[in-house]
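Read off the chains here:
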Amino acid sequence: MEGDGCGGGCGGGGGGGRRRSPGPALALRGALMAASGGGRLLAAPYREPGDDGLFVFDCINAEKPTLGNQGQDGKQTDKGSDDILAFAFSPSGGYFALTDDNKRLILFCTKPSWECVSIRCVTRRCTSLVITAAEDKILVADKSGDVYSYSITEPQADGKLELGHLSLLLDVALSPDDRYILTADRDEKIRISLTNAPYYIVSFCLGHREFVSKIFVIPNYPDLLLSASGDSTLRLWEYKSGEEVYCCHLSSICGTEAAKTDQKYTVSRITYCCQGAFVAILVDCIPTVYVFQLDAVAKQLVYKQQISLKHKGWDIAFEETGDLWMLQEDSEAPLQLYRPCDGQWKAVTDDRGLQKMTKYLKDNWAVFEGFVGAESYYSNLYKASFEDMDTYLQKKEEKLLQKKKKRQDLQHGANGQTKKMKTEESSL
């Protein structure tokens, strides 16, 4: 779900006959690139020459949780698929964690080579995860609204409940100094809590009118938070005080699409490059990447460019150098690479890293193809609009009137039959 040019991490999974989930994902950290499709993880040092070094992990072959069909809370659970739901690198790239639809949290050590460290059972299916800057814990947000922490230093230890919301969590983030936990939920709220005392709420960032799909703390401007929502806005916050300092209505920059008054612009991915303070976003179901530049002094986003794709994009990620990678639903060119040149990003085709990783993805395309044309992950998260509610109430009133009329007709028929019987009896 989130990525940045100082490093990246994302979530994925879903499509076809699967439970609806965010889709294939991409992440960069230092010299490493990771991509997921279905239950398969692919990772490699993408800038190193040669075709060796590909790490492949299939969740279907992973050890099943020791609790069998029970979650960490001991309750019976339904069996899920092995689709990867979320993943993230640690800040140094030395660790990597993922969760899947089978409620497993899998931890890897990436140096000197990839190795599975532990497989643990989580309580609920997860929506997002993040690894602390200290690289001692994994924070996992789930569909019941809870955040659990899992130790990295004690990789077999059970999770610890840190905080809870009353609705589904869609994203979790940390401040760069690990002091604050930031959580975003379906009910429009962004909550800021102290990491060492999560029950203490520092602030709420309130203003979105739909679910909050993404949150991202700007790493080189750590007092600023960027958020995105189903209300088609990007907002900038001074999150410790809960003050909104900037709002961008995406409908104003989406070109001809803006003519569709009912069009929704939900940001599905945010990635950031520290060098130049560039922000790139991917909007759900629109084959376009939008690039902004953060003006940290004025506390606003300056729109720079839109990059049109021939196919729907699944994920995006910045390199530290400003190179922008895109994962898309195209079996022939699953990866696209754009490089900054004279203030604009331009497509690159002769990059060895691009050629190397494209080959890996094409060789494993079978795990991605089930997601081509998948439904929007966010479509069922929107609130019923007033128009929809008015239609519902009108239809409900019509049905009540129809039922009332039917009862009256039945009653009238019954009364008529009774009068007829009485007339016949009196004539006898």
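Being a predicted model, the structure only gives us computed values, none of them experimental.

Further remarks concern a nonpolar patch on the surface. Among the surface-exposed residues, Ile 201, Phe 204 and Leu 206 lie close enough to one another that they form a single nonpolar patch of about 250 Å² accessible area. As for its position among the elements, Leu 206 is in the loop between β18 (201–205) and β19 (212–217).

Strand direction decides the pairing type here: strand β21 (residues 233–238) and strand β22 (residues 243–249), joined by 6 bridges, are antiparallel. Bridging across to β22, Glu 238 finds its partner in Glu 243. Counting the residues in the hairpin turn of β21 and β22 gives 4 residues, including Gly 242, whose phi is positive at 80°.

Before going further, it helps to spend a moment on unusual backbone geometry. Of the consecutive residues Lys 111 and Pro 112, the connecting peptide bond is found in the cis state with omega at 0°. Phi at Ala 277 is positive, roughly 55°, even though this residue is not glycine. As for its position among the elements, Ala 277 is in the loop between β23 (267–273) and β24 (278–283).

This part covers the sheet that holds strand β11 (residues 126–131). Hydrogen bonding along the main chain pairs the strands of a sheet, whether they run parallel or antiparallel. What the 4 strands build is an open sheet, ordered β11-β12-β13-β14; its pairing is antiparallel. Since the sheet does not close on itself, it has two edges, and those belong to β11 and β14 (160–164), each with one partner. In this sheet, adjacent strand axes meet at a mean angle of 25° when their direction is disregarded. When strand β13 (residues 146–151) meets β14, the two strands line up antiparallel, connected through 4 bridges. Looking at β14, one finds that Val 147 is bridged to Leu 163.

Taken together, 4 strands build an open sheet; the order of strands is β19-β20-β21-β22 and the sheet is antiparallel. Among the strands making up the open sheet, the edge pair consists of β19 and β22. Sheet twist, expressed as the average angle between the axes of neighbouring strands with direction ignored, equals 20°.

Before going further, it helps to spend a moment on the pairing of β19. For β19, a buried count of 6 out of 6 residues is recorded, marking the element as mostly surrounded by other parts of the structure. Judged from the 5 bridges that link them, β19 and strand β20 (residues 224–229) form a sheet pairing that is antiparallel. Across the sheet, Val 212 pairs through a bridge with Ser 229, a residue of β20. Between β19 and the antiparallel strand that follows it, β20, lie 6 residues.

Now for the pattern of salt bridges. Counted by the stated rule, this structure contains 18 salt bridges. Its salt-bridge partner being Glu 188, residue Lys 383 comes within 2.6 Å of it at the nearest N-O pair. Linking Lys 383 in the loop between α1 (352–363) and α2 (386–427) with Glu 188 in the loop between β16 (180–185) and β17 (190–194), this pair joins segments that are 195 residues apart in sequence. Classification of Lys 383 as partly exposed rests on a relative accessible area of 46%. The network of salt bridges with common partners includes Arg 47, Glu 319, Asp 323, Arg 339 and Asp 351.

Taken over all residues, the pLDDT of the protein has a mean of 87, while the share at 70 or more is 82%. Low pLDDT, under 50, characterises residues 7–18; the stretch is placed with 61 contacts to residues that sit more than four places away or in other chains. Here residues 418–425 scores under 50 on pLDDT; set against residues more than four positions off or in separate chains, the count is 0 contacts.

One can find Glu 63 in the loop between β6 (55–58) and β7 (84–89). Taking the C-alpha atoms as reference, Glu 63 lies 9.8 Å from Ile 106; in sequence the two are 43 residues apart.

Taken as a whole and assessed by the stated rule, the structure comprises 21 aromatic pairs. With centroids separated by 4.9 Å and ring planes inclined at 70°, the aromatic side chains of Phe 211 and Tyr 382 adopt a geometry described as edge-to-face. Taken together, the residues span a long stretch of sequence, with Phe 211 in the loop between β18 and β19 and Tyr 382 in the loop between α1 and α2 at a distance of 171 residues. For the residue pair Phe 211 and Tyr 382, the accessibility class agrees, reading buried in each case. Ring centres of Tyr 377 and Tyr 378 lie 5.0 Å apart, and the angle between their planes is 75°; this geometry places the pair in the edge-to-face category. Lying over the aromatic face of Tyr 382, Lys 264 brings its terminal NZ or CZ to 4.9 Å of the ring centre.

Over its 12 residues, α1 runs 17 Å from end to end, which matches the ideal 16 Å to within 8%, given 1.5 Å per residue. Residues Gly 353, Leu 354, Lys 356, Met 357, Thr 358, Tyr 360 and Leu 361 constitute the buried set of α1. Of the surrounding elements, those touching the buried residues of α1 are β4 (32–37), β5 (40–45), β28 (324–328), β29 (335–341) and β30 (344–348).

Thresholds applied
Residues numbered from 1 in each chain as written. Predicted model: local features only at pLDDT ≥ 70, side-chain atom pairs only at ≥ 80, totals over all residues. Heavy atoms only, no water. Patch = residues over 30% accessible without salt bridge, like charges linked within 9 Å, V, L, I, M, F, W, Y side chains within 5 Å. Areas by Shrake-Rupley, 256 points an atom, 1.4 Å probe, with all protein chains shown as cover. Salt bridge = Lys/Arg side-chain N within 4 Å of Asp/Glu carboxyl O. Helix = DSSP H or I, 4+ residues; strand = E, 2+ residues; numbered from the N terminus. Pairing = 2+ DSSP bridges. Axes fitted to C-alpha atoms, helices over the stretch in contact; angles between N-to-C directions. Buried < 20%, exposed > 50% of the residue type's maximum accessible area, 1.4 Å probe, protein only. pLDDT = per-residue confidence, 0-100. Contact = heavy atoms within 4.5 Å. Phe/Tyr/Trp six-rings, centres within 6.5 Å; stacked < 30°, edge-to-face > 60°. Lys NZ or Arg CZ within 6 Å of the ring centre and 35° of its normal. Expected span 1.5 Å × (residues − 1).

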